[in-house]
Amino acid sequence: CDRQAMVNPDNPDLHRFPLYRHARPHYAVLQPGDLLYLPVGWWHHLRNLDPLAISITFWSKQQKASLDTLKLPLDQRHLLTVRRNLEEMVFNIFGSESLQNLAKQLSAKHSSKPSTKLSEGNSKVKEFMVNCLSNFMGRTQAEPLILDMLEGRYCNDIEKWIQPNA
């Protein structure tokens, strides 16, 4: 897959890329020692403000596990692989914001508003995830794994770290 954008974010060609006008940029200035984590599938554009800057990018691929060698309960390496694959499938099927939307609603449901009913879209995403996981674990085990997967990863209030473009 090509790792370079066709859209120039500093001067976008809205005739060729009309949906880019709906993009919502987030701006942040990192200080020494800061780390910026970008979830899989997030398009990004960086600009160094200082001539001396270091950027390290890596993509971690876990070796595919054969179902023949899969032993239950899953070890941490297999759980990580399952989470990454599940996250990628959800992004591809339901869109890049689907996990963030589900995480926000699940967070509210399990904290201050336990009676909150999931929206239809979030119900479909959660049911898809539970069905995938229930191929090798019980449904009652799948739901806590989904909560753990989303907790702290998609529920963060990123707005407090973002400075509006002046």
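What you are looking at is a predicted structure, and each value in this text was computed from that prediction instead of being measured.

Participant: Mind showing me how you'd approach the overall build of the protein here?
Facilitator: A tally of helices and strands in the protein yields 4 helices and 0 strands. Listed N to C, the secondary structure of the protein is α-α-α-α in terms of helices and strands. Here the protein holds 166 residues, and 22% of them are scored as buried. Surface exposure of the protein reaches about 13300 Å², of which carbon and sulfur atoms provide 54%.

Participant: When you look at the packing of aromatic side chains in this model, what are you seeing that I'm missing?
Facilitator: Any pair of aromatic rings gets described here by the distance separating the centres and the angle formed by the planes. This structure, assessed with the given rule, holds 1 aromatic pair. Ring centres of Phe-94 and Phe-128 lie 5.6 Å apart, and the angle between their planes is 65 degrees; this geometry places the pair in the edge-to-face category. Taken together, the positions of Phe-94 in helix α1 (residues 76-94) and Phe-128 in helix α3 (residues 120-133) put the pair 34 residues apart, joining distant regions of the chain.

Participant: Could you clarify how one ought to interpret the pattern of salt bridges in this entry?
Facilitator: Here the structure, examined in full by the defined rule, presents 5 salt bridges. The partner of Arg-83 in a salt bridge is Asp-148, and the shortest N-O contact between them spans 2.5 Å. Of the two residues, Arg-83 is situated in helix α1 and Asp-148 in helix α4 (residues 139-150); the sequence distance between them amounts to 65 residues. Looking at Arg-83, the relative accessible area reads 24%, which means it is partly exposed. Judged by its relative accessible area of 44%, Asp-148 falls in the partly exposed class. A salt bridge links Arg-139 to Glu-127; its shortest N-O distance comes to 2.8 Å. One end of the pair, Arg-139, is in helix α4; the other, Glu-127, is in helix α3, and 12 residues separate them in sequence. Of the residues examined, Arg-139 reaches a relative accessible area of 40% and is grouped as partly exposed.

Participant: Whenever I open this one, the confidence of the model for the protein confuses me. Can you help?
Facilitator: Low-pLDDT stretches of the model should not have their predicted coordinates read in fine detail. In this model, the protein carries an average pLDDT of 76, and 73% of its residues clear a pLDDT of 70 or more. The spread of mean pLDDT over the elements of the protein runs between helix α2 (residues 98-109), the lowest at 79, and α3, the highest at 92.

Participant: What exactly am I supposed to notice about the nonpolar core here?
Facilitator: Burial of nonpolar side chains together is a common tendency in soluble globular proteins. The biggest cluster of nonpolar side chains holds 22 residues, and the ones touching the most others in it are Leu-86, Leu-99, Leu-102, Met-129, Leu-133, Ile-146 and Leu-150. Those elements that place two or more of their residues in this core are α1, α2, α3 and α4.

Participant: Sorry, what's going on with α4 here?
Facilitator: Since the α-helix advances by 3.6 residues per turn, residues separated by three or four positions end up pointing in the same direction. Here α4 is 12 residues long and its end C-alpha atoms lie 17 Å apart, about the 16 Å a rise of 1.5 Å per residue gives. Listed in full, the buried residues belonging to α4 are Ala-142, Leu-145, Ile-146, Met-149 and Leu-150. The buried residues of α4 occupy an angular sector of 125 degrees when projected down its axis, which confines them to one face.

Participant: Sorry, what's going on with α3 here?
Facilitator: With 14 residues, α3 should reach 20 Å at 1.5 Å per residue; the first-to-last C-alpha distance of 20 Å fits that figure. Inspection of α3 places Asn-122, Val-125, Lys-126, Met-129, Val-130, Cys-132 and Leu-133 among the buried residues, and these make up the whole buried set. Each buried residue of α3 lies within a common arc of 165 degrees when the element is viewed along its axis, so the set occupies one face.

Participant: Looking at this model, I keep getting lost on the packing of α1 against α3. Mind explaining?
Facilitator: Angle between the axes and distance between the axes: these two values describe a pair of packed helices. Running from N to C, α1 and α3 point in directions that differ by 140 degrees, and their axes come no closer than 11 Å. Comparing their axes, α3 and α1 come out oblique. Once α1 is placed against α3, the crossing between them reads as right-handed. For the pair formed by α1 and α3, the contact residues are Val-82, Leu-86, Met-89, Val-90, Ile-93 and Phe-94 on the first element and Lys-124, Val-125, Phe-128, Met-129, Cys-132 and Leu-133 on the second. In terms of residue class, the contact of α1 with α3 is built from 11 nonpolar, no polar and 1 charged.

Reading the values: rules and limits
- Within each chain, residues carry numbers counting from 1 in the order of the written sequence.
- In view of the model being predicted, local features appear only for residues whose pLDDT reaches at least 70, and side-chain atom pairs are presented and counted only at 80 or more, with totals across whole chains, interfaces and linings using the full set of residues.
- Derived side-chain values reflect all non-hydrogen atoms in the structure, with water molecules and hydrogen atoms excluded from consideration.
- Per the convention used, a helix needs a DSSP run of H or I reaching at least four residues, while a strand needs a run of E reaching at least two, with both numbered from the N terminus.
- Using a 1.4 Å probe on the protein chains alone, a residue whose accessible area is under 20% of its type maximum counts as buried, one over 50% counts as exposed, and one in between counts as partly exposed.
- Computed by Shrake-Rupley with a 1.4 Å probe, the accessible areas treat only the displayed protein chains as cover when residues are assessed.
- Classification of ring pairs rests on two measures: the distance between centres of Phe, Tyr or Trp rings, Trp counted by its six-membered ring, which must be within 6.5 Å, and the angle between planes, read as stacked under 30 degrees, edge-to-face over 60 and tilted in between.
- The salt bridge definition used is simple: a Lys or Arg side-chain nitrogen within 4 Å of an Asp or Glu carboxyl oxygen.
- Confidence scores here are pLDDT values: one per residue, from the predictor, ranging 0 to 100.
- To qualify as a nonpolar core, a set must consist of buried Ala, Val, Leu, Ile, Met, Phe, Trp, Tyr and Cys residues joined through side-chain atoms within 4.5 Å.
- Between the first and last residue of a helix there are one fewer steps than residues, each counted as 1.5 Å, and that sum is the expected span.
- When we speak of the arc, we mean the arc of directions from the helix axis to the C-beta atoms.
- Every axis corresponds to a line fitted to the C-alpha atoms, with the helix fit spanning only the stretch in contact, and the corresponding angles, defined between N-to-C directions, vary from 0 to 180 degrees.
- Here the angle decides the label: under 35 degrees means roughly parallel, over 145 means roughly antiparallel, 65 to 115 means roughly perpendicular, and every other value means oblique.
- Here a crossing is called left-handed whenever its near helix is offset anticlockwise from the far helix by less than a right angle, and right-handed whenever the offset is clockwise.
- The contact criterion used throughout is that any non-hydrogen atoms of two residues lie within 4.5 Å.
- Amino acids outside the nonpolar list (Ala, Val, Leu, Ile, Met, Phe, Trp, Tyr, Cys, Pro) and the charged list (Asp, Glu, Lys, Arg) are all regarded as polar, and Gly is one of them.

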